[in-house]
Amino acid sequence: MSAIPPGAGPRSPSGSRRAGRSALVAALCAALAAALTGCGGQDPDAGTNGVGKLPAAKIESKARAAARSARTVHLSGNVVSQGRTYKLDMSLAKDGAKGELTTKAAAFQLLRVGDALYLKADAAFWAGEKGGASGAPGGAATKLDGKYVKVPAADPVYKRFSGFTDKDALLAGLLALHGKLTPGERGDVGGTRTIRVAAGAGAGGALDVSLEGTPYPLRLQRAGGAGVLRLDDWGKRVDLRAPAKGQVVDYGSKI
């Protein structure tokens with residue numbers, strides 16, 4: 001009887017199973033190569049708009065360009081300006097804005113339609129406000145209570161608050177990050193995947209930019225504890241219309 005050459009005998013069942021598993025793993029890796037990085041984990045940029053692969057300065061540039069091109073945005077959160085803390089809840093459009101500002105002392109509504117700025121507050125606001133011509137004696141303050149006051153363009157109140165209703169000017173100032181920019185961690189804002197861009201320590205805050213669709217800025221953390229703002233509803237319609245005449249007090253050139 002002839003001898004069986006080495007290696008020509010039947011494989012053991014365990015050896016066959018190991019070989020089968022190895023072939024299966026290799027096949028799976030090959031099939032998923034487009035979606036996976038090797039076989040170690042999911043590509044963080046899979047299914048995104050691709051800005052996560054860009055340098056930090058380019059991400060910021062794209063986010064600011066997206067903000068400029070959008071016709072509307074909803075802005076909410078806190079911001080410290082000139083020593084005062086404001087809570088904002090504003091819907092901003094190219095041709096106006098509406099919403100509410102809250103300070104430590106008062107809350108009031110702002111409405112701008114074109115160049116016409118209206119402010120609605122209670123009598124206590126008008127009686128206690130000391131920022132120039134808006135300080136009003138008791139009788140006048142009562143007349144202004146709950147009414148939309150059409151603010152004259154030359155009045156200090158107009159100059160003080162109209163900036164909160166100017167979408168492009170407001171966002172240009174808020175979204176400017178100062179110092180060396182670095183890409184930060186990935187996360188999500190309201191369920192939307194984001195990439196963070198951070199400025200130099202203490203120099204300019206951090207911006208979370210959408211990784212889905214248009215790279216809109218979705219959250220801003222201002223440096224030095226100067227506030228956190230959310231930006232959403234990009235491009236959604238904002239219904240702006242002047243209040244009814246019976247709801248408006250017009251003091252002409254001076255409040």
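Model, not experiment: these values are computed from the prediction.

About the thresholds
- Residues numbered from 1 in each chain as written.
- Predicted model: local features only at pLDDT ≥ 70, side-chain atom pairs only at ≥ 80, totals over all residues.
- Heavy atoms only, no water.
- Helix = DSSP H or I, 4+ residues; strand = E, 2+ residues; numbered from the N terminus.
- Contact = heavy atoms within 4.5 Å.
- Areas by Shrake-Rupley, 256 points an atom, 1.4 Å probe, with all protein chains shown as cover.
- Salt bridge = Lys/Arg side-chain N within 4 Å of Asp/Glu carboxyl O.
- Buried < 20%, exposed > 50% of the residue type's maximum accessible area, 1.4 Å probe, protein only.
- Axes fitted to C-alpha atoms, helices over the stretch in contact; angles between N-to-C directions.
- Parallel < 35°, antiparallel > 145°, perpendicular 65-115°, else oblique.
- Left-handed = near helix turned anticlockwise from the far one by under 90°.
- Nonpolar A, V, L, I, M, F, W, Y, C, P; charged D, E, K, R; others polar.
- 1 Å grid on protein atoms, 1.4 Å probe; cavity = no way out; pocket = protein on both sides within 12 Å on 5 of 7 lines; lining within 4 Å.
- Points joined across faces, edges and corners; volume = space filled by probe spheres on them.
- Arc of directions from axis to C-beta.
- Lys, Arg positive; Asp, Glu negative; His and termini not counted.
- Polar contact = N/O pair within 3.5 Å; in protein donor to acceptor, adjacent residues only side chain to side chain.
- Expected span 1.5 Å × (residues − 1).

Peer 1: Report on the overall build of the chain, specifying residues and quantitative values.
Peer 2: Across its full length, the chain holds 6 helices and 14 strands. Taking the intrachain contacts of the chain between residues at least 6 apart in sequence as the baseline, contacts between residues at least 24 apart amount to 52%. By element, 54% of the accessible surface of the chain is carried by carbon and sulfur atoms, the whole surface being about 14000 Å².

Peer 1: Please provide a residue-by-residue account of the pattern of salt bridges, values included.
Peer 2: Taken as a whole and assessed by the stated rule, the structure comprises 8 salt bridges. The salt bridge involving Asp45 is made with Arg186; its shortest N-O contact spans 3.2 Å. Here Arg186 lies in strand 9 (residues 182–189) and Asp45 lies in the loop between strand 2 (41–42) and helix 2 (56–69), a separation of 141 residues in the sequence. Taking relative accessible area as the criterion, Arg186 reaches 35% and is therefore assigned partly exposed. Residues Arg241 and Asp239 are paired through a salt bridge, measuring 3.1 Å at the closest nitrogen-oxygen approach. Because the salt bridges share partners, they merge into one network encompassing Lys94, Lys167 and Asp168.

Peer 1: Help me get a handle on the packing of helix 2 against helix 6 (residues 167–174), residues and values and all.
Peer 2: Where helix 2 contacts helix 6, the two axes come as close as 10 Å, and the packing angle between them is 165°. When the interaxial angle is binned, helix 2 and helix 6 end up roughly antiparallel. Between helix 2 and helix 6 lies a crossing whose hand is right-handed. On helix 6, the residues that touch Arg64, Ala67 and Arg68 of helix 2 are Lys167, Asp168, Leu171 and Ala172. In the contact of helix 2 with helix 6, the residues fall into 3 nonpolar, no polar and 4 charged.

Peer 1: Lay out the layout of surface pockets with the relevant residues and their values.
Peer 2: To find the voids left in a structure, one rolls a probe of water-molecule size over its atoms. In this structure, the largest pocket occupies an estimated 280 Å³ of space. Every residue lining the largest pocket is counted, 13 residues in all, and those nearest its centre are Ser81, Gln82, Tyr86, Arg160 and Phe164. Only strand 3 (72–81), strand 4 (84–93), helix 5 (156–161) and helix 6 provide two or more residues apiece to the lining of the largest pocket. Sorting elements by how many residues they give to the lining of the largest pocket places strand 3 first, with 3 residues. Counted by class, the lining of the largest pocket contains 6 nonpolar, 3 polar and 4 charged residues.

Peer 1: Can you lay out helix 6 for me, pointing to particular residues and giving the numbers?
Peer 2: Here helix 6 has its buried residues at Lys167, Leu170, Leu171 and Leu174. Down the axis of helix 6, the smallest arc covering the buried residues is 90°, so these residues share one side. Taken together, the buried residues of helix 6 touch helix 2, strand 3, strand 4, strand 12 (217–221) and strand 13 (228–232).

Peer 1: Residues and numbers for the side chain of Arg112, please.
Peer 2: In this structure, Arg112 sits in strand 6 (residues 107–113). Buried and without a salt bridge, Arg112 has Asp115 as its closest oppositely charged side chain, separated by 5.0 Å. Among the polar contacts made by the side chain of Arg112, one reaches the main-chain carbonyl oxygen of Gly114 at a distance of 2.6 Å. When neighbours within four sequence positions are excluded, Arg112 is seen to be in contact with Asp95, Gly96, Ala97, Leu117, Thr165, Asp166 and Leu240.

Peer 1: Can you lay out helix 2 for me, pointing to particular residues and giving the numbers?
Peer 2: When the terminal C-alpha atoms of helix 2 are compared, their 20 Å separation across 14 residues agrees well with the 20 Å that a helix rising 1.5 Å per residue should span. Restricting attention to buried positions, one finds in helix 2 the residues Ala56, Ile59, Glu60, Ala63, Ala66 and Ala67. End-on view of helix 2: buried residues confined to an arc of 125°, all on one side of the axis. The outward face of helix 2, more than 90 degrees from its buried face, is lined by the exposed residues Arg68 and Ser69. Considering only its buried residues, helix 2 is in contact with helix 6, strand 9, strand 10 (192–198), strand 11 (206–210) and strand 12.

Peer 1: If you had to explain the environment of Ser61 to someone new, which residues and values would you point to?
Peer 2: With respect to the secondary-structure elements, Ser61 resides in helix 2. Assessed through its relative accessible area of 38%, Ser61 is described here as partly exposed. Taking the C-alpha atoms as reference points, Ser61 and Ala176, 115 residues apart in sequence, are found 9.8 Å from one another.

None of the figures reported here should be taken as evidence of function without further support.
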